[in-house]
Number of protein chains: 2
Amino acid sequence: MDEKPIPDIVVGRLPLYLRALRHMISEGRQLTSSQELAERLGISAAQIRKDLSHFGEFGKQGTGYNIDFLAEQLERILKVDRVWNMAVIGAGDIGSAVARYQGFANRGFKITLIFDNDPEKIGRRIGPFTVHNMDQIGTLIKAENIKVAMIAVPTAYAQEVADQLVSAGIKAILNYAPLNINVPSGVWVEYTDPVTHLQHMTYYLD
Amino acid sequence: MDEKPIPDIVVGRLPLYLRALRHMISEGRQLTSSQELAERLGISAAQIRKDLSHFGEFGKQGTGYNIDFLAEQLERILKVDRVWNMAVIGAGDIGSAVARYQGFANRGFKITLIFDNDPEKIGRRIGPFTVHNMDQIGTLIKAENIKVAMIAVPTAYAQEVADQLVSAGIKAILNYAPLNINVPSGVWVEYTDPVTHLQHMTYYLD
DNA sequence: TAGATTGTTAATCGATTAACAATC
DNA sequence: TAGATTGTTAATCGATTAACAATC
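Keep in mind it's a predicted model, so treat the numbers as computed, not measured.

**Observations regarding the protein's contact with DNA strand D**
Part 1 of the reasoning: Around DNA strand D, a shell composed of 25 residues is seen, among which Ser44(A), Ser34(B), Arg49(B), Gly59(B) and Tyr65(B) lie nearest.
Part 2 of the reasoning: Here a base oxygen of DNA strand D sits 3.2 Å away from a polar atom, N or O, in the main chain of Gln61(A).
Part 3 of the reasoning: Measuring from a phosphate oxygen of DNA strand D, one finds a backbone N or O atom of Gly59(B) at 2.8 Å.
Part 4 of the reasoning: Of all the secondary-structure elements, those providing two or more residues to the surface near DNA strand D are helix H1 (8-26) and helix H3 (45-53) of chain A together with helix H3 (45-53), strand E2 (59-60) and strand E3 (64-66) of chain B.
Part 5 of the reasoning: With four residues, the single largest contributor to the surface near DNA strand D is H3(A).
Part 6 of the reasoning: Residue classes in the surface near DNA strand D are distributed as five nonpolar, 12 polar and eight charged.

Quick look at the structure:
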């Protein structure tokens, strides 16, 4: 009776499929195929069909996929058929850029809180947000029932901030600090570090 | 006689190993083991040993790895035992944050050029850099023999900027625009898009 | 209808893990 | 020496691909 969980590597590709589909929608397209998606994404058509088959049957033989419909299904599966409010911890260069980033809109996320511990920054505005004191993390995140946060503080403070976020009920953390952090099970962490990407590529350069 | 290429997935983990080792160095540590690295990174010790074994024998039985030595070896393998000058295209929020980011130093990278096409921005300073006109991309990148670039322009312009970078001789691109771009073989592209990470995590939330 | 494309199965391919001799 | 840990082999596990019946 055990339902096999979907492989995480499959889940990780769904946002890429969704991103490509949204782009097609912006081009006014209505139909696509596993073949076309595969070419755009640089992966195989068979893999796309296999990945999607874990979740249902979304296409029509001979025709392909209705782009709007498939995008809606992926949004539902990824739970971005709603808006997740987010907190940003750290109002330095990265935190500020994140807070002003227009790319979250219509993709399921919205920043609603930003924190720093620098008295110079607390109370200042960044875009539409007022920077809150970090000692308010627990109170405000709980009050607004926020589940998703981004860490944009100096490396040395990332673990301690992560601990506070977990205490405040955060369940998903995107960590911009170039450091692995430990969190209890049931809390998810992803990392974004430009240098690891760059070092991956330089391996292949002369 | 054909040497088997190292699996790309292995290459992609080396920067994570290096990052953990550098962190240990900053803690004043001298020795580590595959076991300890594995715990910090959340992967298996066997995998770390197997990955490293593609490149040589860096440890000592019974003792483990000399952290400085292993870090040096990984830096050599990843070709970050030198400094790669980089160009940033786009001086908006992301480009500006990237240009001010302190995290490239001592990890093998240094920004030396930043471009935008907004007359308001051209000639202005961002941190230590003067924003150049995008019509100078080819000239300046060739003149400085730059091989690595970051794209931080609006999605709609990312492909066109990528084409210009390729013409200018760029071989590695880190793309901040949430869009797949096409480049000829011999040019490497990696992507960084916070939303794909966030959507990956929300799959697992309620 | 003929052509196209899906969803799925089975085969292949590759990555991870377990185990241990070697040895520091 | 005894204990610890590597590097490597073989086994396991899982992911990708090829192929095709089903069918729009």
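**Points about the packing of aromatic side chains**
Part 1 of the reasoning: Using the criterion set out here, one finds 10 aromatic pairs over all chains in the structure.
Part 2 of the reasoning: Taking 4.9 Å as the distance between ring centres and 90° as the angle between the ring planes, the aromatic pair formed by Tyr203(A) and Tyr204(A) counts as edge-to-face.
Part 3 of the reasoning: On the accessibility criterion, Tyr204(A) (25% relative accessible area) is partly exposed.
Part 4 of the reasoning: Arranged with centres 6.4 Å apart and planes meeting at 85°, the rings of Tyr203(A) and Phe55(B) form a pair that is edge-to-face. Taken together, the residues span two chains, with Tyr203(A) in the segment after helix H8 (194-202) and Phe55(B) in the loop between H3 and E2.
Part 5 of the reasoning: Here the guanidinium or amino end of Lys79(A) rests over the ring plane of Tyr203(B), the centre of that ring lying 5.6 Å away.

**Some thoughts on H8(A)**
Part 1 of the reasoning: With respect to burial, H8(A) is a largely interior element, nine of its nine residues being buried.
Part 2 of the reasoning: Among the residues of H8(A), Pro194(A), Val195(A), Thr196(A), His197(A), Leu198(A), Gln199(A), His200(A), Met201(A) and Thr202(A) are the ones counted as buried.
Part 3 of the reasoning: On its buried side, H8(A) packs onto helix H1 (8-26), strand E4 (84-89), strand E5 (109-116), strand E8 (148-151), strand E9 (172-175) and strand E10 (188-191) of chain B.
Part 4 of the reasoning: If you check the start of H8(A), you find a side-chain oxygen 3.0 Å away from the backbone N of Val195(A), and it comes from Asp193(A).

**Let's talk about the side chain of Glu190(B)**
Part 1 of the reasoning: Structurally, Glu190(B) can be placed in strand E10.
Part 2 of the reasoning: Despite its burial, Glu190(B) remains without a salt bridge, the nearest opposite charge being carried by Arg19(A) at 11 Å.
Part 3 of the reasoning: Side-chain polar atoms of Glu190(B) contact the side chain of His200(A), separated by 3.3 Å.
Part 4 of the reasoning: Once residues lying within four places of it in the same chain are set aside, the contact partners of Glu190(B) are His197(A), His200(A), Met201(A), Ile173(B), Leu174(B) and Asn175(B).

**Section: the interface of chain B and chain A**
Part 1 of the reasoning: Facing 56 residues of chain B, the contacting portion of chain A comprises 56 residues.
Part 2 of the reasoning: Counting the surface lost from both chain B and chain A, the interface buries some 5,700 Å², and carbon and sulfur atoms represent 64% of this.
Part 3 of the reasoning: Considering only the surface of chain B that becomes buried against chain A, Arg19(B), Gln199(B) and Tyr203(B) emerge as the three largest contributors, covering 12% of it.
Part 4 of the reasoning: For the pair chain B and chain A, the number of links is six salt bridges.
Part 5 of the reasoning: Two residues, Arg107(B) and Asp193(A), come together in a salt bridge whose shortest N-O distance is 2.9 Å.
Part 6 of the reasoning: Of all the secondary-structure elements, those providing two or more residues to the side of chain B that touches chain A are H1, helix H2 (34-41), E4, helix H5 (93-100), E9, E10 and helix H8 (194-202) of chain B.

Parameters and conventions
Residues numbered from 1 in each chain as written. Chains lettered and ligands numbered in written order. Predicted model: local features only at pLDDT ≥ 70, side-chain atom pairs only at ≥ 80, totals over all residues. Heavy atoms only, no water. Near = heavy atom within 4 Å. Polar contact = N/O pair within 3.5 Å; in protein donor to acceptor, adjacent residues only side chain to side chain. Helix = DSSP H or I, 4+ residues; strand = E, 2+ residues; numbered from the N terminus. Nonpolar A, V, L, I, M, F, W, Y, C, P; charged D, E, K, R; others polar. Phe/Tyr/Trp six-rings, centres within 6.5 Å; stacked < 30°, edge-to-face > 60°. Buried < 20%, exposed > 50% of the residue type's maximum accessible area, 1.4 Å probe, protein only. Lys NZ or Arg CZ within 6 Å of the ring centre and 35° of its normal. Contact = heavy atoms within 4.5 Å. Lys, Arg positive; Asp, Glu negative; His and termini not counted. Salt bridge = Lys/Arg side-chain N within 4 Å of Asp/Glu carboxyl O. Buried area = accessible area lost by both parts, 1.4 Å probe.

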